[in-house]
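Structural characterization, general
The residues making up each chain are set out below.
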Amino acid sequence: MRVHVLLAAGLLLVAQSQQPPAQQPPAQQPPAQPPANQGQPQGQRPVIRSGINFVSVDVIVTDKKTGDVVLDMKQDDFDVREDKKPQKVETFDVVNIEELAATKPAPPRAITSTFDEENEARKPDVRLFVILLDDYHVRRGSDLFVRKPLVDFVTNQLAPQDMVAIMYPLTPNAGLTFTRNHDSLIEAINHFEGRKGQYEPRNEFEERYAYYPATTVERIRDDVTMGALTGAAVRLGGMRDGRKSIIFVSEGFTATLPPQLADPVAAMPGINNPARTRPGQDVTDPRAQSQAFFNTADLQGRLRDVYDTANRNNTSIYAVDPRGLTSFEYDINQGVSLTTDRTNLNATMDTLRVLADNTDGRAIVNRNDLASGMKQIMRDASGYYLLGYTSSAAPTDGKYHTIDVRSKRPGVEVRARKGYWAYTTEDVARATSTAKAGPPPAVASALNTIVEPAREHAARFWTGTDRADSGQTRVTFVWEALAPKEAARSMSNVATRVQLTATAPDGRPVFRGRIPEGALPDAPATPAAADAASVVLPAASVTFAAPPGQLELKIVVENDRGQVIDSTVQSLTLPDYGQTQVSFGTPRVYRARTAREAMLIRNNADAMPTASREFSRGERMIVRVDAYGAGGGRPDVTAKLLNRAGQSMADVPITAAEGKPFLIDFPLASLAAGEYVIELDAKTASGTGQQMIGFKVGS
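Residues take numbers from 1 onward in each chain, read along the sequence in its written order. Since the coordinates come from a predicted model, pLDDT governs what is reported: local features require at least 70, and pairs of side-chain atoms require 80 or more to be given and counted, while whole-chain, interface and lining totals use all residues. Hydrogens are left out, water is left out, and the side-chain values use all remaining heavy atoms of the structure.

1. With respect to the overall build of the protein chain
Comment: elements are numbered from the N terminus, with helices defined as DSSP H or I runs of at least four residues and strands as E runs of at least two. The number of helices and strands found in the protein chain is 12 helices and 31 strands. Here, residues are in contact when the closest pair of their heavy atoms is within 4.5 Å. For the protein chain, contacts bridging at least 24 residues in sequence account for 73% of all contacts bridging at least 6. Only the protein chains shown count as cover for residues, with accessible areas throughout obtained via the Shrake-Rupley method and a probe of 1.4 Å. Approximately 32,600 Å² of the protein chain is accessible, and the part contributed by carbon and sulfur atoms is 51%.

Right under this line is the structure:
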């Protein structure tokens, strides 16, 4: 069962509270109610009604004997109670994805770009899955056991229109890509390798804590995996409304390691651990037992954070335990007592059940027949009911309120979450208050370009366009390496080269090459701690021509050893400058720290622009921009400085030399720290055009 609390303003306070505003459903009048015992035709999008204290509930009904989803129930077949008080079901809808998919015989579109991913995910017949392969909490051997059920799920259960992403605990959200290519999914599954209890570092992140105590390392691994679950739920919630599923392949979480495994140094098992010499001994120290109690309570709190986020994003977690039917958690040679072994085995399974039970998922644990459980995942995602009622208690107390959904029909099982957390009066006031007006859309869009890449990325990128010969568009691609978090320790993993492939919509390559070409450059020397901020990081650019229209850029970042350290895919539309009355090329922005640098940039039309939009007050920002009019004419261009609210602050001098791009040389010393926009306006007798440049000034 899925619970939503909705307000009159049309905000999904529970299910969508973490969604960007652009993805919120618009406020709408309550729809006309269907006659009793009737819902929407199966396969149509459900209508979500809004209103103060209106609660929407997802309900899955299955046959007790066969486990098949039952989709012929009527509104009067359900009995809904909140805090044991009967509630009147006001809206009733049936969602049947398989029936809707059957009406579309054409093969689904392949996912080749982020545009495809976002567009296809919104279609009502598409089911979204994330398979999280938790290598931190799966032992070697168990990974082999779970591969076949997962491969069978991909091969036999997924429909052609379904979209799936595979991730590991360390997979960043930005690297989470969805696909319909079953072969690539199967290949990823077959490379899954469990590492539970193995602490040898395999990347720079793990090297930082490899020599911490094993208990600390396990806590870090727990946090990383829970962060991956939370991130996956938020990512799925941002793609669309409706049910989404995370298939969580894991053996669960352990609150406290047995003393025999709590080594002082995780990467050195058994060294200086006296408990290793006392196999089979239980914990008898009252302080240790008290600590174990608090560890368990803390783990439950962190699990609650995970399933609360999943619920807000309408995402179910299906926990798949690859151990199958098992009696032991630890190997006999690890010396853990039978009592502790049984306790921890049950505790790990309970963590999987907690995540599944509280998100409308299923815990496929303690069973060898994983395949039947995987089939149930697909059935749950294929058909369910949406029931809606207005809470008779109208709670705004911030407390937990139970929900009990029952069926009046015998022989069926109703799956229903146990309740929801009501919002406080302050929450309601904030949600229903009139939002403060933001900047104009064009200004907001320009300010969005200031955002720096996440620290997990190895480089920042900029792509600009201007007019080329023969009706084509010139594309300029710039990349700049980002300093690692531990730049003062090592620069060995910094970006030194980028492989760029630009393809047209028909798959034809427009450009393919390494930037820069030739031998791999050396990484910058590791600076002293005091000089880490002054190190010069690699950067390079390339220019090529392409026909106007859609273009996809596949970007692969390498370090000085040729290893891939980052990758991404970007889509852009190349303008046809010959078909517009007035237009701008993409402004090229340069950074000058000294008067000499400014002079060199002004005198070199081929100088490489910067991809960053953050400057200090001691620098100068130089801008080159081309403007085009109809028939090859040159428009008049003016510029002015705006604050982040879009209000004009001052005119900006602009140089217009004949036959050259327009030039702005703008000192930043007079500006206070903050975010600004330069507005460019072009005008001819036949029309006008506008371009915005967002930038940020630091101290």
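2. What about the packing of helix 3 (residues 142–157) against helix 9 (residues 370–382)?
Angle between the axes and distance between the axes: these two values describe a pair of packed helices. As a rule, the C-alpha atoms of each element are fitted with a line to give its axis, helices using only the stretch in contact, and angles between N-to-C directions run from 0 to 180 degrees. Remark: helix 3 packs on helix 9, axes separated minimally by 9 Å, with the N-to-C direction vectors making an angle of 40°. The element helix 3 and its partner helix 9 pack so that their crossing is right-handed. On helix 9, the residues touching Phe 145, Val 146, Pro 149, Leu 150, Phe 153 and Gln 157 of helix 3 are Leu 370, Ala 371, Met 374, Lys 375 and Met 378. A per-class count over the contact of helix 3 with helix 9 returns nine nonpolar, one polar and one charged. Left-handed describes a crossing whose near helix is turned anticlockwise from the far helix through less than a right angle; right-handed describes the clockwise counterpart. The nonpolar class holds Ala, Val, Leu, Ile, Met, Phe, Trp, Tyr, Cys and Pro. Asp, Glu, Lys and Arg form the charged class, and all remaining residues, Gly among them, are polar.

3. With respect to the nonpolar core
Grouping buried Ala, Val, Leu, Ile, Met, Phe, Trp, Tyr and Cys residues that are joined through side-chain atoms within 4.5 Å yields what is termed a nonpolar core. Each residue gets one of three labels from its accessible area relative to the maximum for its type: buried under 20%, exposed over 50%, partly exposed in between, using a 1.4 Å probe on protein chains only. Judged by nonpolar contacts, the single largest core of 32 residues is most densely connected at Val 130, Met 163, Leu 229, Ile 246, Phe 248, Ile 317 and Leu 355. Those elements that place two or more of their residues in this core are strand 6 (128–133), strand 7 (163–167), helix 6 (214–239), strand 8 (244–249), helix 7 (286–312), strand 9 (315–320) and helix 8 (338–357). Of the residues forming this core, the biggest block, seven residues, is contributed by helix 6. Once residues lying within four places of it in the same chain are set aside, the contact partners of Phe 248 are Leu 132, Asp 134, Thr 225, Leu 229, Phe 253, Ile 317, Tyr 318, Ala 319, Val 320, Leu 352 and Leu 355. Core analysis: the second largest hydrophobic core is formed by 26 residues, Leu 158, Leu 185, Phe 192 and Met 378 among them.

4. A word on the sheet that holds strand 25 (residues 620–625)
Within a sheet, each strand pairs with its neighbour through backbone hydrogen bonds, oriented either parallel or antiparallel. With respect to topology, three strands assemble into an open sheet ordered 23-25-29, the strand pairing being antiparallel. Sheet topology places strand 23 (588–592) and strand 29 (662–667) at the edges, where each strand pairs with a single neighbour. Each strand axis lies, on average, 20° off the axis of its neighbour in the sheet, ignoring direction. Its contacts with the sheet put helix 12 (residues 595–603) on strand 23, strand 25 and strand 29, and the angle it makes with strand 25 is roughly 0°. The pairing criterion is simple: DSSP has to find at least two bridges between the two strands.

5. Quick word on helix 11 (residues 441–448)
Residues of helix 11 that are buried include every one of Val 443, Ala 446 and Leu 447, and no others. Axial view of helix 11: buried residues confined to an arc of 100°, hence all on one face. Among the exposed residues of helix 11, those oriented more than 90 degrees off its buried face are Pro 441 and Asn 448. As used here, the arc belongs to the directions running from the helix axis to the C-beta atoms.

6. Observations regarding the packing of helix 7 against helix 8
At a minimum axis separation of 9 Å, helix 7 and helix 8 run at an interaxial angle of 30°. The orientation of helix 7 with respect to helix 8, classified from their angle, is roughly parallel. Judged by the sense of rotation from one axis to the other, the crossing of helix 7 with helix 8 is right-handed. Across the interface between the two elements, Leu 299, Gln 300, Leu 303, Val 306 and Tyr 307 from helix 7 touch Thr 351, Val 354 and Leu 355 from helix 8. The residue inventory of the contact of helix 7 with helix 8, partitioned by class, reads six nonpolar, two polar and no charged. Here roughly perpendicular refers to angles of 65 to 115 degrees, roughly parallel to angles under 35, roughly antiparallel to angles over 145, and oblique to all remaining angles.

7. Describing the environment of Glu 120
Mapped onto the fold, Glu 120 is located in helix 2 (residues 114–121). Residue classification places Glu 120 among the buried positions, given a relative accessible area of 3%. What Glu 120 contacts, discounting residues up to four positions off in sequence, is Arg 109, Ile 111, Val 126, Met 163 and Arg 180. What qualifies as a polar contact is a pair of N or O atoms within 3.5 Å, subject to a donor-acceptor requirement within protein and to the restriction that residues adjacent in sequence count only when both atoms come from side chains. Within polar-contact distance, the side chain of Glu 120 engages the side chain of Lys 123 at 2.8 Å.

8. Re the sheet that holds strand 24 (residues 614–615)
Strand order across the open sheet formed by five strands is 24-31-30-27-28, with mixed pairing between neighbours. Taken across any chain shown, the strands that pair with only one partner, and hence form the sheet edges, are strand 24 and strand 28 (648–651). Relative to strand 31 (residues 687–697), strand 30 (residues 674–684) runs antiparallel, the two sharing 11 bridges. Opposite Thr 684, over in strand 31, you have Gly 687 as the bridge partner.

9. Here's the deal with a nonpolar patch on the surface
Two distance rules govern patches: like charges are joined within 9 Å, and nonpolar side chains (Val, Leu, Ile, Met, Phe, Trp, Tyr) within 5 Å, applied only to residues with over 30% relative accessible area and no salt bridge. Only one rule defines a salt bridge in this text: a Lys or Arg side-chain nitrogen within 4 Å of an Asp or Glu carboxyl oxygen. Nonpolar side chains collect at one region of the surface, where Tyr 211, Met 268 and Ile 271 lie side by side and expose about 310 Å² of accessible area between them. Counting through the fold element by element, Tyr 211 comes out in the loop between helix 5 (204–207) and helix 6.

10. Regarding the packing of aromatic side chains
Stacked, tilted and edge-to-face are the three classes assigned to paired rings of Phe, Tyr and Trp, where Trp is represented by its six-membered ring and a pair needs centres within 6.5 Å; plane angles under 30 degrees give stacked, over 60 edge-to-face, the rest tilted. Applying the stated criterion to the full structure yields 13 aromatic pairs. Seen in terms of ring centroids, Phe 205 and Tyr 209 are 5.3 Å apart; in terms of plane orientation they differ by 75°. Their pairing is edge-to-face. In this structure Phe 205 comes out as partly exposed when scored by relative accessible area, which is 30%. Accessibility expressed as a relative area gives 5% for Tyr 209, which makes it buried. Aromatic pair Phe 666 and Phe 695: ring centres 6.5 Å apart, planes at 80°, arrangement edge-to-face. Highlighted residues: Phe 666 in strand 29 and Phe 695 in strand 31, separated in sequence by 29 residues. Assigned by exposure class, Phe 666 and Phe 695 land together as buried. Taken together, the ring pairs in this structure connect Phe 78, Phe 92 and Tyr 385 into an aromatic cluster. Two conditions define a charge sitting above a ring: the NZ of Lys or the CZ of Arg must be within 6 Å of the ring centre, and it must be within 35 degrees of the ring normal. Above the ring of Phe 615, the side-chain terminus of Arg 591 is found at 4.6 Å from the ring centroid. Here the guanidinium or amino end of Arg 634 rests over the ring plane of Phe 662, the centre of that ring lying 4.1 Å away.

11. Side note on the pattern of salt bridges
On inspection of all chains with the given rule, the structure shows 41 salt bridges. Among the ionic pairs, Asp 380 bridges to Arg 362, the shortest N-O distance being 2.7 Å. Separated by 18 residues along the polypeptide, Asp 380 in helix 9 and Arg 362 in the loop between helix 8 and strand 10 (363–364) bring together distant segments of the chain. Both residues of the pair, Asp 380 and Arg 362, belong to the buried class. Residues participating in the shared-partner salt-bridge network are Arg 139, Lys 196, Glu 251, Asp 321, Arg 323 and Glu 329.

12. Considering the environment of Val 428
Tracing the backbone shows Val 428 in helix 10 (residues 425–432). For Val 428, a relative accessible area of 16% corresponds to the buried category. In this structure the C-alpha to C-alpha distance between Val 428 and Asn 53, which are 375 residues apart in sequence, comes to 9.9 Å.

13. Structural notes on unusual backbone geometry
For the bond from Ile 515 to Pro 516, the omega torsion is 0°, close enough to zero to count as cis. Even without being a glycine, Asn 272 presents a positive backbone phi close to 60°. A positive phi angle, close to 65°, is found at Asp 360, a residue other than glycine. Relative to the helices and strands, Asp 360 is located in the loop between helix 8 and strand 10.

14. A closer look at helix 2
Taken as a whole, helix 2 has its buried residues at Asp 116, Glu 117, Glu 120 and Ala 121. Seen from one end, helix 2 has its buried residues packed into an arc of 115°, which puts them on one side. Elements that come into contact with the buried residues of helix 2 comprise strand 6, strand 7 and helix 6.

15. Overview of the confidence of the model for the protein chain
A residue's pLDDT is simply how confident the predictor is in it, with values from 0 to 100. Per-residue pLDDT for the protein chain has a mean of 83; in total, 85% of the residues score no lower than 70. Segment residues 4–50: pLDDT under 50, and 117 contacts once partners within four positions in sequence are set aside and those in other chains are kept. Taken as a whole, residues 529–533 scores under 50 in pLDDT and shows three contacts with residues more than four places along the chain or in a different chain.

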